[in-house]
Amino acid sequence: MFDILNFLVAAGAEEHSLTHIVMKLVFQIAVIMVLAKLAGEVMERFLKQPSVLGELLIGIIISPFLLGPYIQIPGVGPLFPIEGHGYVPVSSELYSVAQIAVILLLFIAGLETDLKLFLRYAFPAFVVGIGGVVFSFAFGQVTTVWMGHAEGYMAPAALFMGAIMTATSVGITARILSEMKKLNTPEGITILGAAVVDDVLGLIVLSLVIVIAEAQLHGGGISWGHLGLVSLKAMGYWVALLAVWIFLAKPVAWLLRKFKSEGAWAVLILAICLFFAALSEVFGLAMIVGAYAVGLAFSQTDVAEELTERLSGFYQAFVPVFFVVTGMMVNVFAFKEVLVFGIIITALAIISKVLGCGLPAMTVGFNLMGGSRVGVGMLPRGEVALIIASMGLARGIITQEIYGVAILMTLVTTLMAPLFLVPLFKSERAGTWRRKKEA
């Protein structure tokens, strides 16, 4: 009898705890949605800047490192204390909602992209992506050694700083291009394509750096064969995913349209997106890479426009949550101990993308204006750099000081991108040497 009573009490306590977690999450999302829209309105109406900038800034303000712990609701407690696991300072539940939102963002960005134009600019995107990765990795690695924060170029800290520098936050640029109706311009297509290349190459670099760093930390040897397999698996998956869905998208869309239940076909396509986004993570790539590939494949179908409209409400409600949570992950106090190193790394982070991507763009058909748009569009590091840096911190590969430098670099590049990208795209000047309108 007592065993049964104890079980019921324990079950009741567990249910209460779960209910409390869900209730708190709902409060968090509600507050974030309100503040995101207010901040976005202020940015757009009074400062003439994209709403995403307001969402990032309000996220920094209400982060667990600033005002978050002081925002309280009776019976719930602090809404945004430091409570995450590992590298994420927010709750796992809130972080998960933000990740689903960015998957949706990149899926819709893919749907709004002209596939033929994307394939046409695939080579320029690859050239731009390679340039950004090579310049960024070299600058980060070399500077870390020269500033005395690593013993050599193959030291774990130097390798990891190089990997952090390669990151590109495609979500922020995709949001700006979408709001400005510039996704299907030569520059817009190249930026998104290059950002995907950056994600693929950057994550391959990250995988290789982790293998090398952990081998060195534990006194083991480096298996170059294993490093090659990691690279081939990630790259092969990306190419195969895009190729297969370009072939399957039209017949699958036609088949799903046969469903008679209201909205069933749209939900099933979204489910396909979520499934292959998750599968991308299994193959060592970011989920957003898979989401963009599926969206890009379905952009060639006759359901793309209607699907975008059906998902619009969900997009408007939840995508701002992602950008606020991205801001909440920034600890503005973490970089105060290494300010000089942080300033130098931040300056090089800007140069490495603006020049490292902009100059290669000018060798594949873009003029100075187009190269500038591409370079600045590749500038924001966003959540990708934070995640890479936090993985290094959690594994003991980088110190708190280097982590603080990564945060400073991420903060500045993420906030700079909208400020400079919008005026560049508002200019009527053509971005390619050929004046003929291509999009």
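As a starting point, this report considers the structure included with it. (Residues numbered from 1 in each chain as written. Predicted model: local features only at pLDDT ≥ 70, side-chain atom pairs only at ≥ 80, totals over all residues. Heavy atoms only, no water.)

1. Some remarks on the overall build of the chain
- What the chain contains, in helices and strands, is 16 helices and two strands.
- Taken across its 439 residues, the chain has 55% of its residues classed as buried.
- Put simply, 80% of the contacts in the chain that link residues at least 6 apart link residues at least 24 apart.
- Accessible area of the chain: about 19200 Å², with a carbon and sulfur share of 69%. (Helix = DSSP H or I, 4+ residues; strand = E, 2+ residues; numbered from the N terminus. Buried < 20%, exposed > 50% of the residue type's maximum accessible area, 1.4 Å probe, protein only. Contact = heavy atoms within 4.5 Å. Areas by Shrake-Rupley, 256 points an atom, 1.4 Å probe, with all protein chains shown as cover.)

2. Focus on helix α2 (residues 51–61)
- Counted residue by residue, α2 has nine buried out of eleven residues, so it is predominantly covered.
- Every buried residue belonging to α2 is among Ser-51, Val-52, Leu-53, Gly-54, Glu-55, Leu-56, Ile-58, Gly-59 and Ile-60, and all of these are buried.

3. Topic: unusual backbone geometry
- A positive phi angle, near 60 degrees, is found at Lys-181, a position not held by glycine.
- Assignment of secondary structure puts Lys-181 in the loop between α7 (170–179) and α8 (186–217).
- Judged by relative accessible area, which is 72%, Lys-181 ranks as exposed.

4. Overview of a nonpolar patch on the surface
- Together, Ile-351, Leu-355, Leu-359, Met-362 and Leu-368 make up an exposed nonpolar region whose accessible area comes to about 420 Å².
- Top element by residues in the nonpolar patch is helix α13 (residues 339–362). It accounts for four residues.
- Counting through the fold element by element, Leu-368 comes out in helix α14 (residues 368–377).
- Among the residues examined, Leu-368 registers a relative accessible area of 55% and is labelled exposed. (Patch = residues over 30% accessible without salt bridge, like charges linked within 9 Å, V, L, I, M, F, W, Y side chains within 5 Å. Salt bridge = Lys/Arg side-chain N within 4 Å of Asp/Glu carboxyl O.)

5. Description of the packing of helix α3 (residues 92–111) against α7
- Between α3 and α7, the shortest axis-to-axis distance is 10 Å and the interhelical angle comes to 50 degrees. Overall, the two elements α3 and α7 adopt an arrangement that is oblique. As for the relative orientation of α3 and α7, their crossing is left-handed in sense. Facing α3, whose interface residues are Leu-105, Leu-106 and Ala-109, α7 presents Val-170, Gly-171, Ala-174 and Arg-175.
- Class assignment of the residues belonging to the contact of α3 with α7 gives a composition of five nonpolar, one polar and one charged. (Axes fitted to C-alpha atoms, helices over the stretch in contact; angles between N-to-C directions. Parallel < 35°, antiparallel > 145°, perpendicular 65-115°, else oblique. Left-handed = near helix turned anticlockwise from the far one by under 90°. Nonpolar A, V, L, I, M, F, W, Y, C, P; charged D, E, K, R; others polar.)

6. Focus on the environment of Ala-30
- Inspection of the secondary structure assignment puts Ala-30 in helix α1 (residues 2–45).
- For Ala-30, a relative accessible area of 38% puts it in the partly exposed group.
- Distance from Ala-30 to Val-321, taken between C-alpha atoms, is 9.6 Å for residues 291 residues apart in sequence.

7. Some thoughts on the environment of Leu-279
- One can find Leu-279 in helix α10 (residues 264–282).
- Residues Leu-279 and Ala-291, twelve residues apart in the sequence, show an inter-C-alpha distance of 10.0 Å.

8. So, the nonpolar core
- Of all hydrophobic cores here, the largest spans 143 residues; its most connected members are Ile-32, Leu-94, Phe-107, Phe-160, Ile-164, Phe-298 and Met-328.
- By residue number, the principal contributor to this core is α8, which donates 16 residues.
- Ignoring sequence-local partners within four residues, the contact set of Phe-298 consists of Leu-111, Trp-245, Ala-249, Val-252, Ala-253, Ile-269, Ile-272 and Ala-304. (Core = buried A, V, L, I, M, F, W, Y, C linked by side-chain atoms within 4.5 Å.)

9. Brief notes about the pattern of salt bridges
- Following the criterion strictly, the structure yields six salt bridges and no others.
- Notably, a salt bridge pairs Glu-41 with Arg-45, separated by 2.8 Å at the nearest N-O pair. Taken together, the residues span about one helical turn, with Glu-41 and Arg-45 both in helix α1 at a distance of four residues.
- The salt bridge involving Arg-310 is made with Glu-262; its shortest N-O contact spans 3.5 Å.

10. A few points about the side chain of Thr-410
- Position of Thr-410 relative to the elements: it lies in helix α16 (residues 400–426).
- Owing to a relative accessible area of 2%, Thr-410 belongs among the buried residues under this scheme.
- Within polar-contact distance, the side chain of Thr-410 engages the backbone oxygen of Ala-406 at 2.7 Å. (Polar contact = N/O pair within 3.5 Å; in protein donor to acceptor, adjacent residues only side chain to side chain.)

11. A few points about the side chain of Thr-144
- Examined against the element boundaries, Thr-144 turns out to sit in helix α5 (residues 122–146).
- Residue Thr-144 is classed as buried on the basis of its relative accessible area, which comes to 0%.
- Here the side chain of Thr-144 touches Gly-140 through a polar contact of 2.7 Å, landing on its backbone oxygen.
- Discounting chain neighbours no more than four positions away, the residues touching Thr-144 are His-149, Ala-150, Ala-157, Ala-158, Met-161, Phe-341 and Ile-402.

12. Some details on the packing of α5 against helix α6 (residues 156–166)
- Where α5 meets α6, the axes come as close as 7 Å, and the angle between the chain directions of the two elements is 145 degrees. For the pair α5 and α6, the sense of crossing is right-handed. When α5 is examined against α6, the residues Val-133, Ser-136, Phe-137, Phe-139, Gly-140, Gln-141, Thr-144 and Val-145 are found in contact with a partner set consisting of Ala-157, Ala-158, Leu-159, Met-161, Gly-162, Ala-163, Met-165 and Thr-166.
- By residue class, the composition of the contact of α5 with α6 is ten nonpolar, six polar and no charged.

13. Side note on the packing of aromatic side chains
- Going through the model one piece at a time under the given rule, you end up with nine aromatic pairs.
- With a centroid separation of 5.7 Å and 35 degrees between ring planes, the pair formed by Trp-245 and Phe-298 is classed as tilted. Pair noted here: Trp-245 is in helix α9 (residues 224–256) and Phe-298 is in helix α11 (residues 287–298), with a separation of 53 residues, a long-range link. A single burial state applies to Trp-245 and to Phe-298, both of which are buried.
- Its end group placed over the ring of Trp-265, Arg-257 keeps NZ or CZ at 4.6 Å from the ring centre. (Phe/Tyr/Trp six-rings, centres within 6.5 Å; stacked < 30°, edge-to-face > 60°. Lys NZ or Arg CZ within 6 Å of the ring centre and 35° of its normal.)

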